[in-house]
Amino acid sequence: MPHTQIGVQPLPEVHAELFRRSFSLSGVADRPTVVSIPGARALWLDTSIELAHPELIVAGREFTHIHPDGSMHLSLPVERAREAVTSGWAEPHPIARQIGMEEREVLWELVLDAYCYVTGRPRPAPDPVA
């Protein structure tokens, strides 16, 4: 700990769009992480949001964070986690690979799954500018 991707730099346009979408979710704020490395951006849930799975929150209201190297930690339903690992998108420790624009959609879907799982909320309507 901490785990970092080696020899991989995130694409600024991928990060910018992932952050824009992530922090546009209802009740989600952009805050510094309280559980990860400096520079990681936490997706922090407002206290008005009830948690369906509060046991998944390690500290505060941080349900996911994105590291400066482009990797992230999030809580997913077991089947979605298995699917992400099987498809090569996830592992217990982040994998070293460069993220491309088409891959942004997979990351975004994983963020949405974590948000819905932790909060118990339904999926938000599709982003009209996506």
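Use the structure listed above.
Attention in this report is confined to the structure presented alongside it. Since the model is a prediction, treat every value here as computed from it, not as a measurement.

### Comments concerning the overall build of the protein chain
Assigned secondary structure in the protein chain consists of three helices and four strands. Ordered by position in the sequence, the α and β elements of the protein chain form the string α-β-β-β-β-α-α. Burial status across the protein chain gives 39% buried among its 130 residues. Taking all contacts inside the protein chain whose residues are at least 6 apart in sequence as the whole, residues at least 24 apart take part in 58%.

### Here we look at the sheet that holds strand 2 (residues 41-45)
Taken in spatial order, the four strands of this open sheet run 1-2-3-4, and their pairing is antiparallel. In the strand order of this sheet, the two ends are held by strand 1 (28-32) and strand 4 (72-74), each with one partner. Sheet twist, expressed as the mean angle between neighbouring strand axes with direction ignored, is 25 degrees. Of the pairings in the sheet, the one linking strand 2 to strand 3 (residues 62-66) comprises four bridges and is antiparallel in character. In the strand pairing of strand 3, alanine 42 is matched with histidine 65. This element, helix 1 (residues 12-22), spans strand 1, strand 2, strand 3 and strand 4 of the sheet and lies at about 165 degrees to strand 3.

### Some thoughts on the pattern of salt bridges
Any two side chains of opposite charge can pair if their charged atoms end up close together. Applying the stated rule across the entire model yields seven salt bridges. Here arginine 41 and aspartate 30 are joined by a salt bridge, their closest N and O atoms 2.5 Å apart. Here arginine 41, found in strand 2, pairs with aspartate 30, found in strand 1; they are 11 residues apart in sequence, far enough to count as distant. Here arginine 41 falls in the partly exposed class, since its relative accessible area comes to 27%. Note on aspartate 30: relative accessible area 38%, which makes it partly exposed. As a salt-bridge pair, arginine 80 and aspartate 113 come within 2.3 Å of each other at their nearest N and O atoms. Taken as a pair, arginine 80 in helix 2 (residues 78-86) and aspartate 113 in helix 3 (residues 101-119) lie far apart in primary sequence, 33 residues in all. A single network of salt bridges, built from pairs that share partners, joins Arg80, Glu83, Glu109, Asp113 and Arg123.

### As for the nonpolar core
Judged by nonpolar contacts, the single largest core of 23 residues is most densely connected at Val28, Phe63 and Tyr115. Listed by contribution, the elements that provide at least two residues to this core are helix 1, strand 2, strand 3 and helix 3. Those residues within four positions of valine 28 in sequence are excluded, and the remaining contacts are Ser22, Phe23, Leu43, Trp44, Leu45, Phe63 and Tyr115.

### Considerations on the environment of valine 28
Counting through the fold element by element, valine 28 comes out in strand 1. Using a relative accessible area of 9% as the deciding quantity, one classes valine 28 as buried. Each C-alpha atom, one on valine 28 and one on phenylalanine 63, is 9.6 Å from the other, the two residues being 35 residues apart in sequence.

What counts and what doesn't
- Residues numbered from 1 in each chain as written.
- Predicted model: local features only at pLDDT ≥ 70, side-chain atom pairs only at ≥ 80, totals over all residues.
- Heavy atoms only, no water.
- Helix = DSSP H or I, 4+ residues; strand = E, 2+ residues; numbered from the N terminus.
- Buried < 20%, exposed > 50% of the residue type's maximum accessible area, 1.4 Å probe, protein only.
- Contact = heavy atoms within 4.5 Å.
- Pairing = 2+ DSSP bridges.
- Axes fitted to C-alpha atoms, helices over the stretch in contact; angles between N-to-C directions.
- Salt bridge = Lys/Arg side-chain N within 4 Å of Asp/Glu carboxyl O.
- Core = buried A, V, L, I, M, F, W, Y, C linked by side-chain atoms within 4.5 Å.

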